[in-house]
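Spelled out from the first residue to the last, the chains are:
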Amino acid sequence: MRVTQLLIPTTKETPNDATLASHIFLIRAGYIQGVGSGLYNYLPLGKRVLDKVQNIVKEELNRANCQEVSLGFVTPASYWQESGRFDKYGKELLRFKDRKNNDFVLGPTHEEMMVNLVKQSVKSYKALPLNLYQVNLKFRDEIRPRFGLMRGREFLMKDGYSFHASKEDMQREFAYMEETYKKIFTRLGLDFRVVEADSGAIGGSGSKEFMVLAESGEDTIVVCEECEYAANIEAAIRAEKICEVEPPEAVYAKFYTPNTTTIDALSKFFHVDPFYLIKTVAKKALFDEGESKIVLFALRGSEELQEVKACNSVGANELVDISEEELAEVGLVAGYMSPTIVPEGIEIVFDTMLQDATNLICGANEVDYHLVGIDLKGYEANYQDIVAVQEGDTCVHCANKLRYTKGIEVGHIFQLGTQYSTPLGANFLNEHGKTQAFEMGTYGIGVSRILAAIIEQHHDDKGCIWTKETAPFALSIIISNIKDQAQVELANKIYQVLKEKGVEVLLDDRKERFGFKMKDFELIGIPLGLVIGKNLKDGLVEIVQRDGLSKETISVEDIIPKIMSQVW
Ligand code: ATP
Ligand code: MG
């Protein structure tokens, strides 16, 4: 393709709302164009990359026996009402009506649709297993669309769903999809980790996320410095934590502790390590159909509440903060709450670290008072893991240290079981002639987000650096001086030869200064550049590697073999 014929509106202007490299460079290099909040057009270069990513995804999935389908984007609300998600999903779900007043949604994900497709077409175990996928638009009315393609409202997702006659077979496919996803992200040239994710009620390894490691990632991942263990902070576990400092031995008593409403103040007041203090956190838990209740969470003062774990521990949809006034209304004293003196009817969850713990100090649920000598040995309560793993904690698998890193979620696989097939009445006849609900798995890849993730991981201060498999073109030929007939002739000749050999080549034949064209080359991020400049009179040209910008002078006769050896 000749640059003079291609729409590449590169610009020096950084968009106002852009902070991430991927957002800035994808717009400045003319890959995408903002349309509205979280909405983008793909320009020719962006579409080429999007197709490349998509093709890799499809190739690997097809090889793994998955079948491509394409489902409607506009979805009758009845499907969502049947599964119960029409009311549950929240404001991300865009609901609308047609002229006849029928309700619809724009699909943010397609479990309901796919279950219905299979329900109508599969009646017997003989047709199983089945793995169907699509690469299609999704719409989520995100509360904070930002970072360009990273968190759009309209975005391209590959979503796949598998159907099985048994849980074992679903788990086999889940493991197979994990391997398939690893192949996909490796081919894309990404440095990624597979992490244990929060799987809500399913628990265990029922859910895994594929995280591209990048400083700008929105997700915190816990990784082991030695072994392969990696988990999303919401699902991370660690070896039992102990405290080297001696415990404060005391008999049970109530103490006057004026103005000590924080763990820090309390630790100073008693000269006690926060490990021996109990932090009691109050939250309002929100449930279906507008139900809510106040829940207390008790943990060691040295720990932090992990909200997703805490939320799952009470089966809520969400936890929200609660004001001191609301606490007072139900008899809770902010800053001095106690896990043992709790007003009637208020649920409390204890962190597992507190099970059988002794020599503790906690609030007395009375202003300015704390209790010392608390002994929870044999104390019956609802104990669950509700704390966040911290940096420096110990790995359960190898006893080495855990640390935090940041990641971008580009894929997610999930063991669904019969969560959707049962409410949607999606059944088949099993080999004993009995009716049974499909066992299901679901597998997503953020296709458009991958463009942003690649650039987050592969850029410098000048622009994009595409990986070999995802670059819009393999090579850019840059004519240094368009008025130099010899340069133009050679460039055109090389361009033709490479095109015939099937190389995706771009020819920068614009009547622009050399410096200007090089700046665009750096911004656009094509992996290889061939600069045909004034040294041509000595039979020499230059090859530039975009990654690192190293240059090599070669003779004209070597151009084709040199390029052919580098582009594949
Ligand atoms: P996130 O936690 O980032 O909001 P999610 O867990 O809600 O994502 P899934 O439902 O697992 O997303 O969707 C599958 C994949 O789709 C994600 O792994 C992610 O790569 C991509 N994705 C999700 N939301 C967006 C978005 N708003 N913009 C672009 N890609 C997205
Ligand atoms: Mg996810």
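Rules of the game
By convention here, each chain's residues receive numbers from 1 onward along its written sequence. As a convention, the first chain written is A and the first ligand written is 1, with the rest following in written order. It should be noted that, the model being predicted, local features are given only for residues of pLDDT at least 70 and side-chain atom pairs only at 80 or more, the latter also being counted only at that level, while totals for whole chains, interfaces and linings use all residues. With hydrogens and water excluded, all non-hydrogen atoms of the structure serve as input to the side-chain values. Patch members must show over 30% relative accessible area and no salt bridge, and they are joined within 9 Å when carrying like charges or within 5 Å when they are nonpolar side chains of Val, Leu, Ile, Met, Phe, Trp or Tyr. Where accessible areas are quoted, they stem from the Shrake-Rupley method and a 1.4 Å probe; at the residue level, only the protein chains shown are allowed to cover. Here, a salt bridge means any side-chain nitrogen of Lys or Arg that lies within 4 Å of a carboxyl oxygen of Asp or Glu. By the counting rule applied here, Lys and Arg register as positive and Asp and Glu as negative, while His and the ends of each chain are not counted. For this purpose, a charge sits on NZ of Lys, CZ of Arg, CG of Asp or CD of Glu. Segments assigned H or I by DSSP are reported as helices when at least four residues long, segments assigned E as strands when at least two residues long, and all are numbered from the N terminus. Being near a molecule or strand, for a residue, comes down to having at least one heavy atom within 4 Å of it. Here a polar contact is taken to be a pair of N or O atoms separated by no more than 3.5 Å, where protein atoms must pair a possible hydrogen donor with a possible acceptor and residues adjacent in sequence count only if both atoms sit in side chains. Under the scheme applied here, ten amino acids are nonpolar (Ala, Val, Leu, Ile, Met, Phe, Trp, Tyr, Cys and Pro), four are charged (Asp, Glu, Lys and Arg), and all others, including Gly, are polar. We call an atom a donor if it is N, O or S and sits within 2.8 Å of the metal, or 3.2 Å for Na, K and Ca. Water is not counted, so some sites may look partial. Exposed residues in this analysis have more than 50% of their type's maximum accessible area, buried residues have under 20%, and partly exposed residues fall in between, with area computed by a 1.4 Å probe over protein chains only. The axes used here are C-alpha line fits, helices contributing only the stretch in contact, and every angle between their N-to-C directions lies in the interval 0 to 180 degrees. Angle categories: roughly parallel below 35 degrees, roughly antiparallel above 145, roughly perpendicular from 65 to 115, and oblique for all the rest. In a left-handed crossing the near helix is turned counterclockwise from the far helix by less than a right angle, and in a right-handed crossing that turn is clockwise. Two residues form a contact once any of their heavy atoms are found within 4.5 Å. When DSSP finds two or more bridges between a pair of strands, those strands are recorded as paired. Where each domain starts and ends follows an automatic or database-derived domain assignment. Centre distance within 6.5 Å is the pairing criterion for rings of Phe, Tyr and Trp, where only the six-membered ring of Trp is used; planes under 30 degrees apart are then read as stacked, over 60 as edge-to-face, and the remainder as tilted. To sit over a ring, a charge needs its Lys NZ or Arg CZ within 6 Å of the ring centre and within 35 degrees of the ring normal.

Caption draft 1: Inspection of a positive patch on the surface at higher detail. On the surface, Lys12, Lys462, Arg513 and Lys519 cluster together into a positively charged patch. Within the secondary structure, Lys519 sits in helix α12 (residues 514–524).

Caption draft 2: Inspection of the site of ligand 1 at higher detail. Near ligand 1 there are 14 residues, and of these Arg140, Glu142, Arg151, Gly152 and Glu409 occur at the shortest range. Note that an oxygen atom of ligand 1 is positioned 2.8 Å from one of the side-chain N or O atoms of Arg151. Of all the secondary structure elements, the ones that give two or more residues to the shell around ligand 1 are β8 (154–164) and β21 (402–417). For the shell around ligand 1, the element with the highest residue contribution is β21, accounting for four residues. Along the lines of polarity and charge, the residues of the shell around ligand 1 split into five nonpolar, four polar and five charged.

Caption draft 3: Here's a closer look at the coordination of the magnesium ion (ligand 2). Taken together, the protein donors to the magnesium ion (ligand 2) comprise Glu409 (OE) and His412 (ND1), at separations of 2.2 to 2.3 Å. Look at Glu409 and you get partly exposed, because its relative accessible area is 22%.

Caption draft 4: Just the packing of helix α2 (residues 44–63) against helix α6 (residues 167–187), in detail. It is at 10 Å that the axes of α2 and α6 come closest, and there the two elements cross at 150°. When the axes of α2 and α6 are compared, the pair comes out roughly antiparallel. Helix-helix and strand crossings are classified by hand; for α2 and α6 the assignment is right-handed. Listed contacts from α6 to Ile56, Val57, Glu59, Glu60, Leu61 and Arg63 of α2 are Tyr176, Met177, Thr180, Tyr181, Lys183, Ile184 and Arg187.

Caption draft 5: View of the sheet that holds strand β18 (residues 360–363). One open sheet holds the three strands; their spatial order is β13-β19-β18, and the pairing between them is antiparallel. For this open sheet the edge positions go to β13 (253–256) and β18, each flanked by a neighbour on one side alone. Strand-to-strand twist of the sheet, defined as the mean angle between neighbouring strand axes without regard to direction, takes the value 30°. Across the sheet, helix α7 (residues 263–270) is in contact with β13, β18 and β19 (369–374); its angle to β19 comes to roughly 65°.

Caption draft 6: Representation of the sheet that holds strand β15 (residues 292–300) in the model. Overall, mixed pairing links the five strands, which are arranged β16-β14-β15-β17-β20 in an open sheet. Unpaired on one side and paired on the other, β16 (318–320) and β20 (382–384) mark the two borders of the sheet. On average, each strand axis in the sheet is inclined to that of its neighbour by 40°, with strand direction left out of account. Here three bridges tie strand β14 (residues 278–286) to β16, and the two strands are oriented antiparallel to one another. Looking across to β16, one finds that Ala285 is bridged to Leu319.

Caption draft 7: Seen up close, the domain arrangement of the protein chain. Split by domain assignment, the protein chain resolves into domain 1 (3–237 + 403–456), domain 2 (253–384) and domain 3 (475–567). Taking the mean C-alpha position of each, domain 2 and domain 3 sit 67 Å from one another.

Caption draft 8: Up close: the packing of aromatic side chains. Using the criterion set out here, one finds 15 aromatic pairs in the structure. Their ring planes at 55° and their centres at 5.7 Å tell us that Phe350 and Tyr379 sit as a pair that is tilted. Of this pair, Phe350 sits in strand β17 (residues 347–351) while Tyr379 is found in the loop between β19 and β20, placing the two residues 29 residues apart along the sequence. With relative accessibility at 31%, the residue Tyr379 sits in the partly exposed group. Of note, Arg48 hangs over the ring of Phe473, and the distance from its end group to the ring centre comes to 3.9 Å.

Caption draft 9: How the structure looks around the side chain of Glu522. Within the fold, Glu522 resides in helix α12. Notably, Glu522 is buried but unbridged: the nearest opposite-charge side chain belongs to Lys462, and the N-O separation is 5.2 Å. Discounting residues that sit within four places of it in the chain, Glu522 has contacts with Lys462, Gly463, Cys464, Arg546 and Leu549.

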